[in-house]
Amino acid sequence: MMKGNQVQLTFEELVDAKTGRTTIRLTPKENIFHRNYFYQKCFTSDNKKLLIGGTFDDPDSVMSCDDFKSSLNYHLLDLESGLITQLTEGNGDNTFGGFLSHDDQYLYYVKNRKALNRVQLNTLEEITIFESDSKWVAYGTWVANSTTTKMVGIEIAKDDYINLDTWDAFAKMYERNPLCRLFTLDLTTGEQKIIHQEKRWLGHPMYRPFDDKTVAFCHEGPHDLVKTRIWFIDEDGSNLRAGINQDEDEHCTHEFWVPDGSLMYYVSFYSGAPKHRFICSVNPDTLESKKILQMPNCSHLMSNYNGTLLVGDGTCSPMDVANKEANQIETDNDLYLFDIANSRVSSIAEHHSSWDVFKGSRQITHPHPSFTPDNTAILWSSDCEGNTAVYLTKLE
């Protein structure tokens, strides 16, 4: 399909068997679609349009290519009319890391593991803002500051990079301690500044919302092997500090900034019995960490704007650990709502994700839930009906 192609969709309403809530399947189950990474901006601020990745091509023709799918492109879905417009074309789109600018004027995304492109939504004019040097691979999800004037990202030395199309490859990447560098990028000039480099797998770079001085990143790899996951550094490369001091058998994962910039939330769990997980927070100014609430066995968390409500996706036994035997858990198919002020946990709906690697992607079947801008519904993905699709479950 070509950029600018438009298709009229008909949304299908489903009633969740467990909670009775209305879930709307937004994309056709005969095609492959998925949402972007859960902390990247995907809704326009008026809640009327949604950025998603996918294709109307035959699912059997979709090619495998580790952290992006070579025939998946970005689309913008009008949630009022059901009209979906293709924004990008060709192979190589990283359809997880892309996001909408703060003013809803542009899509930013990485193509072919090297080029940061910008698409103007009203004209579909596309330009390349930055390209990684040929000796480096543009890795993972790059995140902008609150005004979409700067971005922070990570590159991996090309000689150290391997295709991350299986969980075995995920473990092998950790073992080889790839040379990684953390950088900032001026989105007006394309100027890159390296602020940290080490022979260790780095991931999840994030500007703190409304505070360009503070950047977060993680030590990536199997959670039971990484001893200090969360790190902070100043934008100029100074003041590198561990975000949290983990217990000996504590595993931390899927950190994210509360959108108002007040705190960072993360998931904490331990191998073996009792298999408890906790919603935790860390204050980036004081480095004070707290256990907020015991939680069901969820993988990903995301909050509303001020962090008073969180959503999480019940998970299966984790694959991103070295000792899988010590981390066996009963599969949980629920999406959960966490009311922090009242310490209340409730089920939203069932997602029934397989959590399988699909078409060479480790991420595409994961629910990755998040709130709509008006907090009235939860956006998520799943392969519960065969191919991956995008769903919206109403909270009201």
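These figures come from a predicted structure and were not determined experimentally.

### Brief notes about the sheet that holds strand 27 (residues 344–350)
Okay, step 1: Within the open sheet, the 4 strands sit side by side as 24-25-26-27. Their pairing is antiparallel. The open sheet has two edge strands, strand 24 (298–303) and strand 27, and neither has a second partner. On average, each strand axis in the sheet is tilted by 25° relative to the strand beside it, whichever way the strands run.
Okay, step 2: Alignment of strand 24 against strand 25 (residues 309–314), held across 4 bridges, turns out to be antiparallel. Paired with Leu 301 across the two strands is Gly 312, which belongs to strand 25.

### Quick look at helix 1 (residues 167–175)
Okay, step 1: When helix 1 is considered as a whole, its buried residues turn out to be Trp 167, Ala 169, Phe 170 and Met 173. Down the axis of helix 1, the smallest arc covering the buried residues is 155°, so these residues share one side. In helix 1, those exposed residues whose orientation departs by more than 90 degrees from the buried face are Asp 168, Lys 172 and Glu 175.
Okay, step 2: Elements that come into contact with the buried residues of helix 1 comprise strand 13 (150–157).
Okay, step 3: Put simply, Thr 166 is the residue that caps the front of helix 1, since its side-chain oxygen is 3.4 Å from the backbone nitrogen of Asp 168.
Okay, step 4: Downstream of helix 1 by one or two residues, Asn 177 has phi in the positive range, about 45°.

Parameters at a glance
Residues numbered from 1 in each chain as written. Predicted model: local features only at pLDDT ≥ 70, side-chain atom pairs only at ≥ 80, totals over all residues. Heavy atoms only, no water. Pairing = 2+ DSSP bridges. Helix = DSSP H or I, 4+ residues; strand = E, 2+ residues; numbered from the N terminus. Axes fitted to C-alpha atoms, helices over the stretch in contact; angles between N-to-C directions. Buried < 20%, exposed > 50% of the residue type's maximum accessible area, 1.4 Å probe, protein only. Arc of directions from axis to C-beta. Contact = heavy atoms within 4.5 Å. Polar contact = N/O pair within 3.5 Å; in protein donor to acceptor, adjacent residues only side chain to side chain.

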